[in-house]
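# What the coordinates show
Chain by chain, the residues:
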Amino acid sequence: MPKTPAATTTLATNAPDDWPPVPLRDSVKQLDKLHLLTSIETAFRAAELPIVRESYEEVFPHGLLKIDLVVQTPKGPYPVFLYPNPNESAAAHFNFLERYRPLLVRIGRPVYYAPEPLPHTFQRMPLDMVLGFDRLPITPVAIPTPGDYAMWLANGDDPDLSRSAVLGEIDDYYRVTRGHERRLFVHLLTDVGIAQTYEEAELAVADLADRTFRLPAQVSDGTPVVLTYHAERGLRPHIHTQFASRDTVLRVWRLMKLWARRRLGDRPGAVSAPYRWWRDTRRRALEALQAEKQIQSLGRLTLGG
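The text that follows walks through the structure, step by step, so that each part is easy to find. Because the structure is predicted, anything quoted here is derived from the model rather than measured. (Residues numbered from 1 in each chain as written. Predicted model: local features only at pLDDT ≥ 70, side-chain atom pairs only at ≥ 80, totals over all residues. Heavy atoms only, no water.)

## Regarding the overall build of the protein
Keep this limit in mind: Strands are runs of DSSP state E lasting at least 2 residues, helices are runs of H or I lasting at least 4, and numbering of each runs from the N terminus. The classification of residues rests on relative accessible area computed with a 1.4 Å probe and restricted to protein chains. Under 20% of the type maximum is buried, over 50% is exposed, and intermediate values are partly exposed. The contact definition used throughout considers only heavy atoms, calling two residues in contact when any of these lie within 4.5 Å. Each accessible area value is a Shrake-Rupley result obtained with a 1.4 Å probe; residue values ignore everything except the protein chains displayed when judging cover. Charge counting treats Lys and Arg as positive and Asp and Glu as negative, with His and both chain ends excluded. In this description, the location of a charge corresponds to atom NZ of lysine, CZ of arginine, CG of aspartate or CD of glutamate.
From N to C terminus, the protein includes nine helices and 15 strands. Its C-alpha atoms give the protein principal-axis dimensions of about 80 × 50 × 40 Å. Here the protein holds 305 residues, and 47% of them are scored as buried. Sequence separation of at least 24 residues holds for 66% of the intrachain contacts in the protein that already meet a minimum separation of 6. Surface accessibility of the protein: about 16,300 Å² in total, with carbon and sulfur atoms responsible for 50%. Between the averaged position of the 38 positive side-chain charges in the protein and that of its 36 negative side-chain charges there is a distance of 3 Å.

Structure follows, in structure tokens:
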């Protein structure tokens, strides 16, 4: 006797009306995000609705937000969140996202998918339960990726420094760290495990004197970076030029700024040598552009193989 095909249900969602319905087989006993994701990918592929990113963390001023999908439509992108267990906590999480203006401005209106509609709730979820940030997600590597690195790189999606959003992020970073650059470097040494205590890190910084410290590393998404520190220039990230798209460079600088705020607070100190160095570097670069000279990169360095 032939087997009866498993019945299907349609995932609940607040997606726009022109998005395809997403069927889910009732035979799935224990739902998780992978089941929902597989069903969504199948339905969207058939409808030619492109998924441009999956399972990543977006950097916002208050922390990192885990986003399950970003869907690109003619009306713009939509961040998508998956809730295998559509309980009150899930509803509170999504309610927060619907009100979180930085998400709405940078990406778009959030969309959810769940086996059942999210319940109505008056529960409010604290910001730090949605936007987390425990540590700098940059890890030292024993074998660095050889090649060129830069603080900013001119490329197809970010050709003009004067109009680049990266310039504003670097401005903000140097404003946040102003007067506290040495202390931030001490925090880096302890955070990545180079020094075991704050006192040990202080001694290491004192021994460095006017030399430049270089730390080959990679971001949590695998992007190769080099962190450098010099008393006159401060602590800076340099991104491998083969990976230095506009979005990647923005992400690295936003991570550094978020981490600096967590370690230093929001009270910039007195004008310092690194702060002056950045303002002078910025001014010279913009003056060169006004003189119709090309600026291909900032803070470029090379690691050999």
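## Regarding the nonpolar core
Applied cut-off: Side-chain atoms within 4.5 Å link the members of a nonpolar core, which is a set of buried Ala, Val, Leu, Ile, Met, Phe, Trp, Tyr and Cys residues.
Judged by nonpolar contacts, the single largest core of 53 residues is most densely connected at Phe185 and Leu235. For this core, the element with the highest residue contribution is helix α8 (residues 246–264), accounting for ten residues. With near-sequence residues (within four places) excluded, Leu235 lies in contact with Tyr173, Leu184, Phe185, Leu188, Leu227, Thr228, Tyr229, Met256 and Trp259. Formed by 23 residues, the second largest nonpolar core is a distinct cluster that contains Tyr56, Leu65, Phe96 and Ile107.

## Overview of helix α7 (residues 198–208)
Heads up, the rule is: Here the arc refers to the set of directions running from the helix axis out to each C-beta atom.
Here α7 has its buried residues at Ala201, Val205 and Leu208. On an axial view of α7, the arc spanned by its buried residues comes to 55 degrees, and they lie on one face. With respect to the buried face of α7, the exposed residues turned more than 90 degrees away are Glu199, Leu203 and Asp207. The elements touched by buried residues of α7 are α6 (181–191), β11 (213–219) and β12 (224–230).

## Re the pattern of salt bridges
The condition is simple: A pair is scored as a salt bridge if a Lys or Arg side-chain nitrogen falls within 4 Å of a carboxyl oxygen belonging to Asp or Glu.
Enumeration over the complete set of coordinates arrives at 17 salt bridges. For the salt bridge of Arg106 with Glu58, the shortest nitrogen-to-oxygen distance reads 3.0 Å. Placement of Arg106 in helix α3 (residues 101–106) and of Glu58 in strand β4 (residues 51–60) is noted, with a sequence separation of 48 residues between them. Residue classification places Arg106 among the partly exposed residues on the basis of a relative accessible area of 30%. Relative accessible area serves as the criterion here: at 12%, Glu58 is assigned to the buried category. The salt bridge involving Arg283 is made with Glu287; its shortest N-O contact spans 3.5 Å. Here Arg283 pairs with Glu287, and both are found in helix α9 (residues 273–290), just four residues apart, close to one helical turn.

## A closer look at the pairing of strand β9 (residues 147–150)
Under the convention used in this document: Here, strands pair whenever DSSP counts at least two bridges between them.
Sheet analysis places β9 next to strand β15 (residues 301–303), joined by three bridges and oriented antiparallel. Residue pairing across strands places Gly147 opposite Leu303, the latter belonging to β15. Sheet topology note: the β9/strand β13 (residues 234–240) ladder contains two bridges and is antiparallel. Across the sheet, residue Ala150 finds its bridge partner in β13, namely Ile239.

## Focus on the sheet that holds strand β2 (residues 12–13)
Keep this limit in mind: Lines are fitted to the C-alpha atoms to define the axes, a helix being fitted only along its stretch in contact, and any angle between axes, read from their N-to-C directions, falls within 0 to 180 degrees.
On the basis of which strands lie adjacent, the open sheet formed by five strands has the order β2-β7-β6-β5-β4 and mixed pairing. Two strands close off the open sheet at either side, each with one partner strand: β2 and β4. Inspection of the sheet shows β4 paired to strand β5 (residues 63–73) by eight bridges, in the antiparallel sense. Bridge pairing in β5 places Tyr56 opposite Ile67. Where helix α1 (residues 33–47) meets the sheet, it contacts β4, β5, β6 (76–82) and β7 (111–114), and its direction lies at approximately 130 degrees from that of β4. Against the sheet, α8 touches β4 and β5, its axis set at about 30 degrees to β4.

## Observations regarding the side chain of Thr73
Short version of the rule: Each polar contact in these results corresponds to two N or O atoms within 3.5 Å; when the atoms are within protein, one needs to be able to donate a hydrogen and the other to accept it, and residues that are neighboring in sequence are counted only if both atoms are side-chain atoms.
Here Thr73 shows up in strand β5. With relative accessibility at 10%, the residue Thr73 sits in the buried group. A distance of 2.7 Å separates the side chain of Thr73 from the backbone oxygen of Gly76, its partner in a polar contact. In this structure, Thr73 is in contact with Trp19, Leu49 and Tyr78, ignoring residues within four places of it in sequence.

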